[in-house]
Every structure is written in structure tokens, then in C-alpha cells.
Amino acid sequence: MLRVGLTGGIASGKSTVAALLRDRDYPVIDADVLARELLEPGQDAYNEVVREFGEGILRPDGTVDRARLGAIVFSDRIKRARLNEILHPRIRQVVAGWFAALDRPGGPDLAFEDAALILEAGARHNLDRVVVCWCRPEQQLERLRERGLSLEDARRRIAAQIPIEEKRRLADETIDCSGSLEETERQLDQVLARLKRLAAAG
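Because the structure is predicted, anything quoted here is derived from the model rather than measured. (Residues numbered from 1 in each chain as written. Predicted model: local features only at pLDDT ≥ 70, side-chain atom pairs only at ≥ 80, totals over all residues. Heavy atoms only, no water.)

Caption draft 1: Seen up close, the overall build of the protein. When its secondary structure is counted, the protein shows 9 helices and 5 strands. Along the protein, helices and strands appear, N-terminal first, in the series β-α-β-α-α-α-α-β-β-α-α-α-β-α. Here the C-alpha atoms of the protein give a radius of gyration of 17 Å, agreeing with the 17 Å that 2.2 N^0.38 yields for 202 residues. Dimensions of the protein, computed from C-alpha atoms along their principal axes, come out at roughly 50 × 40 × 25 Å. Expressed as a percentage of the 202 residues in the protein, the buried residues total 43%. A separation of at least 24 residues holds for 72% of the contacts in the protein among residues at least 6 apart in sequence. (Helix = DSSP H or I, 4+ residues; strand = E, 2+ residues; numbered from the N terminus. Rg over C-alpha atoms; globule rule 2.2 N^0.38 Å. Buried < 20%, exposed > 50% of the residue type's maximum accessible area, 1.4 Å probe, protein only. Contact = heavy atoms within 4.5 Å.)

Caption draft 2: Focus on the environment of Val49. Mapped onto the elements, Val49 comes out in helix H3 (residues 44-53). Separated by 37 residues in sequence, Val49 and Ile86 have C-alpha atoms that sit 7.4 Å apart. Setting aside anything within four residues of it in sequence, one finds Val49 in contact with Leu39, Gly54, Ile57, Leu69, Leu83 and Ile86.

Caption draft 3: The packing of aromatic side chains, seen in detail. This structure, assessed with the given rule, holds 2 aromatic pairs. Ring geometry for Tyr26 versus Phe112: centroids 5.9 Å apart, planes at 80 degrees, classification edge-to-face. Linking Tyr26 in the loop between helix H1 (14-23) and strand S2 (28-30) with Phe112 in strand S3 (residues 110-114), this pair joins segments that are 86 residues apart in sequence. With respect to burial, Tyr26 and Phe112 carry one shared label: buried. With 5.2 Å between their ring centres and 55 degrees between their planes, Trp98 and Phe99 make a pair best called tilted. (Phe/Tyr/Trp six-rings, centres within 6.5 Å; stacked < 30°, edge-to-face > 60°.)

Worth remembering: the numbers are spatial, not functional.
What follows is the structure in C-alpha cells.
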């Protein structure tokens, strides 16, 4: 079984491609969902994050206000690195166990980790292949504005990741998500055909 990382710049089409993979019955684990679960009250990571960033990141019910936490870490590189130090090793552990459970006779030939920071977090060595989704920079900004971010916040979040040109250079496969959904699907099916050949070759 090939362990494939699916990544890309923020608002670059990665979630759309992940949904298309699920439609095709490929197993996909979402690192962002894992991060949300790790930040639930009672989790060790929750306790560590609250100690590190203070109770100001909490809602009245004690849950983490992700928008407030995001505003802190996306404006401070050191604080962002500290949050990643807390979350990423735990996420990697869960993902590794998930891949191991799937990798059995009769299991899938491909399984995907959907994560924005695969390259930033140094998680590439845990994967057999990395697929990078990308779109034009002006589309990224436009999509983030549509999500309610200010222009300044959108630029800050894009700047917090490895530049998309560098991600594309480091990728084994790329999918251009700047066109129509049909065009994205066509590219995805071509990528899947190549990955399945690799998996079959063992």
C-alpha cells in the first residue's frame, strides 16, 4: 500500500481533491480534524496549549476558540512553531497507526493523509509520495476573503506556509486546481492511475 500525502497552500483546492478521493472510495485521514480533536478539553495537547497560550484562547464553555488561537500563531512565527511542536508529533503518531491498520492483505492500494503542513512539519519521510494541490495566488487570496478573512490576515496565512512554487518543486505529483472542477477531476484521475501503477509494482 502506498502512503500518500495530500497537501497544498491554504485555499488551494486540497479539500476539494480530498472530497473527490473519498467519492472514489479511497481512505483519507484529515490532519486538521485530528488537530481539532487533540484540542478538545481533557486531551493532553489541550492542557499543554492552554498552559502555553493562556486562558484567553478559550470560549466561556472551556473549548479552544480556534480563530483566537489562529490570530495569535499566524502573527508570531515563534508561537506558531510552539503550537506545531505540541500538535504535530501527536498527529504523526495517529496517522502512522492509521496507515499501519490499513496496510494488510486485501486492504486498499492507496491511502491518503490530507494535511496542509506535510512539508513544513517534516512529515514527508513518513510517506511514499506527496501530491501538491495549487492554484494561482490571486485565487488563494480571493478564496480566503470569501471565507471572511481580511486581506492582511489572508496574506499572513499564505506567508506562514512554504511558497507554493517550492511546494510544487518538492512534490512527486501536482494538481492544478485553478480551473474547473472537471479539469481538477481529470488531473486527479491521471495522478491516481500513476500511483496505482506504483503500488502494483510494489
